[in-house]
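Observations on the three-dimensional arrangement
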Amino acid sequence: MATTPDPRLTGTYTLDPAHTRIGFVARHAMVTKVRGAFNDFTGTARIDGENPEQSSVELVIKAESIDTRNADRDGHLRSNDFLDMANHPEITFRSTGVKQSGDDAFDVTGDLTIKGVTRSVTVPFTYEGQAKDPFGNERIGLEGALTIDRRDYGVTWNAALETGGFLVSDTVRLEFEVSAVKQS
């Protein structure tokens, strides 16, 4: 997925969960950021190295795997106030288009579903390179991020602060640090 067509990149890749981070950042109490990640997910990318626009991506995240390093907060995030994982156990992203936007930059547009609500989003990704790991696996690296308004997905719980403002920001930054292994 570099500027010059590269047929060596063509293939099907799976996300390596040990070397991939699917994370998020939200403001808390208007003064600090809370960072978290989802630890259980699967993902597949079908890459066409000669024609990147023919590439596709699918990601399935288990909502229960949310981890902010605080058990009480994680429990609240799993509840109906936020992710409602009992009724919506998965967060999904399925690409609908890929467009090369720079030398090693790609805009991946797709359907993001959170809490049963699907919206089209575009994630700008940067291709970080390709390498063969010590076990003989062909790997590629990608990084991307976008900011969403959680209210667009029915995640509306909040609490007013005495000093003004709200406990949780409406905007959430989603972060993707991907290591994918070529399968075929």
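Now for a description of the structure that goes with this document. Residue numbers here run from 1 along each chain, matching the order of that chain's written sequence. Only residues with pLDDT of at least 70 get local features here, since the model is predicted, and only at 80 or more are side-chain atom pairs given and counted; chain-wide, interface and lining totals rely on the full set of residues. Computation of side-chain values covers all heavy atoms of the structure but excludes hydrogens and water.

1. Describing the overall build of the protein chain
Stated formally: Every helix listed is a DSSP run of H or I at least four residues long, and every strand listed is a run of E at least two residues long, numbered separately from the N terminus. The cut-offs for exposure are 20% and 50% of the maximum accessible area for each residue type, with area from a 1.4 Å probe on protein chains only; residues under the lower value are buried, those over the upper are exposed, and the others partly exposed. Contact criterion: two residues are considered in contact whenever any of their non-hydrogen atoms come within 4.5 Å of each other. Areas reported as accessible are Shrake-Rupley estimates using a 1.4 Å probe. Residue values count occlusion only from the protein chains shown.
Regarding its fold elements, the protein chain presents 1 helix and 11 strands. Shown N-terminal to C-terminal, the secondary structure of the protein chain runs as helices and strands in the order β-β-β-β-β-β-α-β-β-β-β-β. Relative to its full complement of 184 residues, the protein chain shows a buried share of 41%. Taking the contacts inside the protein chain whose residues are at least 6 apart along the sequence as the reference set, 57% of them involve residues at least 24 apart. Of the roughly 9800 Å² of accessible surface on the protein chain, 49% is carried by carbon and sulfur atoms.

2. Some remarks on the pattern of salt bridges
Between side chains of opposite charge, pairing is possible as soon as their charged atoms come close. Counted only if it meets this: Here, a salt bridge means any Lys or Arg side-chain nitrogen found within 4 Å of an Asp or Glu carboxyl oxygen.
For the coordinates displayed, the defined rule picks out 12 salt bridges. Here Lys62 and Glu90 are joined by a salt bridge, their closest N and O atoms 2.8 Å apart. Here Glu90 lies in strand S7 (residues 90-102) and Lys62 lies in strand S5 (residues 56-62), a separation of 28 residues in the sequence. According to the relative accessible area criterion, Lys62 is partly exposed, its value standing at 31%. For Glu90, a relative accessible area of 34% corresponds to the partly exposed category. The salt bridge involving Asp149 is made with Arg151; its shortest N-O contact spans 2.5 Å. Judged by its relative accessible area of 19%, Asp149 falls in the buried class. Put simply, Arg21, Arg35, Arg173, Glu175 and Glu177 are held in one network by salt bridges that share partners.

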